Amino acid sequence: MKVFHTSQSLVEHLSKETRPIGMVPTMGALHLGHLSLIERALSENQTVLVSIFINPTQFDNKADLENYPINIETDLKKIEQLPGKIFVYTPKVKDVYGNLVASKSIDLGGLDQVMEGKKRSGHFQGVATVVVHFLKVFTPNHAYFGEKDFQQLRIIEHITQSLKLNTEIIGCPIIRERDGLAMSSRNNFLSSDQRKLASKIFKGLKFAKSNAKKESYNTLKKMVMDFFEKYDELNLDYFTIAHPKTLKEVDLKEPVDLGRGFIAAYLGKIRLIDNLDMS
Ligand code: PAF
């Protein structure tokens, strides 16, 4: 494992490496979900680049940015245990943005107009800005993203195609805790009571899936809302079933078993998201 703090030195070293190169962009606080992305990248590439960068432009909430977990030493120890050639990029904000820390205006094909994009203003422009920057500067052959951030994955696929970037985007399955909770750096903030309740998010999605063939979407929505009503401390932000490619919400009368179910919910101030194929 080699660690780089500037893109200039990293690009110099990468140019001497045999391809394919696989990239796993992260914001650190690595958990088994991230490690599974790195393992997949190692199995499909000669060299793997892991970026650890808390991207300021994708936070719509200052407190969220300030409280984002940082644990570079622990992250590096976790990466070091994986076998293979790994370059880690841990830049300062200036190395990525220069003096102008702002999102670019990138066409996201309307995929940012729903769900997380609607709730978190500017979030996906920030994500797109940093991902496009990384893909242009490091030109990896493959880049790996988890399906937990399903909307993010679709948006990154869209921009890679529309900007004709030479990187293949590879979506990887959600890694879950034993009780079904999707792994996330935000899970670290949950109290033990909140942590127990958090598993209901996936249970809610499974409940929706088990009824998706029987009920109309309209009825299913009400059923899922009732499911979450039982838990005072767990507040549903949205439950939506959307087309897995366009992310358009399915018609209320349509059969929903071909869509993908998406949930965002609050436990206190912690916001968690999850999704599940309804078929
Ligand atoms: O999913 C994340 O951790 C971030 O949104 C990403 C893709 C690393 C961009 O900052």
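Residues numbered from 1 in each chain as written. Predicted model: local features only at pLDDT ≥ 70, side-chain atom pairs only at ≥ 80, totals over all residues. Heavy atoms only, no water.

### Description of the site of the ligand
Right, so step 1: Around the ligand, the neighbouring residues are P25, T26, M27, N55, Q58, V127, V130, F145 and Q152.
Right, so step 2: Contact distances for the ligand include 2.6 Å between an oxygen atom and a side-chain N or O atom of Q58.
Right, so step 3: Between the ligand and the protein, one listed contact pairs an oxygen atom with a side-chain N or O atom of Q152 at 2.7 Å.
Right, so step 4: Elements with a minimum of two residues in the shell around the ligand: β2 (21–26) and α7 (123–138). (Near = heavy atom within 4 Å. Polar contact = N/O pair within 3.5 Å; in protein donor to acceptor, adjacent residues only side chain to side chain. Helix = DSSP H or I, 4+ residues; strand = E, 2+ residues; numbered from the N terminus.)

### So, the sheet that holds strand β1 (residues 2–4)
Right, so step 1: Within the open sheet, the six strands sit side by side as β1-β4-β3-β2-β5-β6. Their pairing is parallel. Edge positions in the open sheet fall to β1 and β6 (168–172), since each of these has one partner strand only. Taken pair by pair, the neighbouring strands of this sheet meet at an average axis angle of 25°, ignoring direction.
Right, so step 2: Two strands pair when backbone bridges link them, and strand β3 (residues 47–52) and strand β4 (residues 85–89) are joined in this way by five bridges, in the parallel orientation. (Pairing = 2+ DSSP bridges. Axes fitted to C-alpha atoms, helices over the stretch in contact; angles between N-to-C directions.)

### What to know about the packing of α7 against helix α8 (residues 150–162)
Right, so step 1: Running from N to C, α7 and α8 point in directions that differ by 50°, and their axes come no closer than 10 Å. Here α7 lies oblique to α8, going by the angle between them. In this structure, α7 meets α8 at a crossing whose hand is right-handed. Residue-level contacts link F124, V127, A128, V131, V132 and L135 of α7 to Q151, Q152, I155, I156, I159 and T160 of α8.
Right, so step 2: Considering only residue class, the contact of α7 with α8 consists of nine nonpolar, three polar and no charged. (Parallel < 35°, antiparallel > 145°, perpendicular 65-115°, else oblique. Left-handed = near helix turned anticlockwise from the far one by under 90°. Contact = heavy atoms within 4.5 Å. Nonpolar A, V, L, I, M, F, W, Y, C, P; charged D, E, K, R; others polar.)

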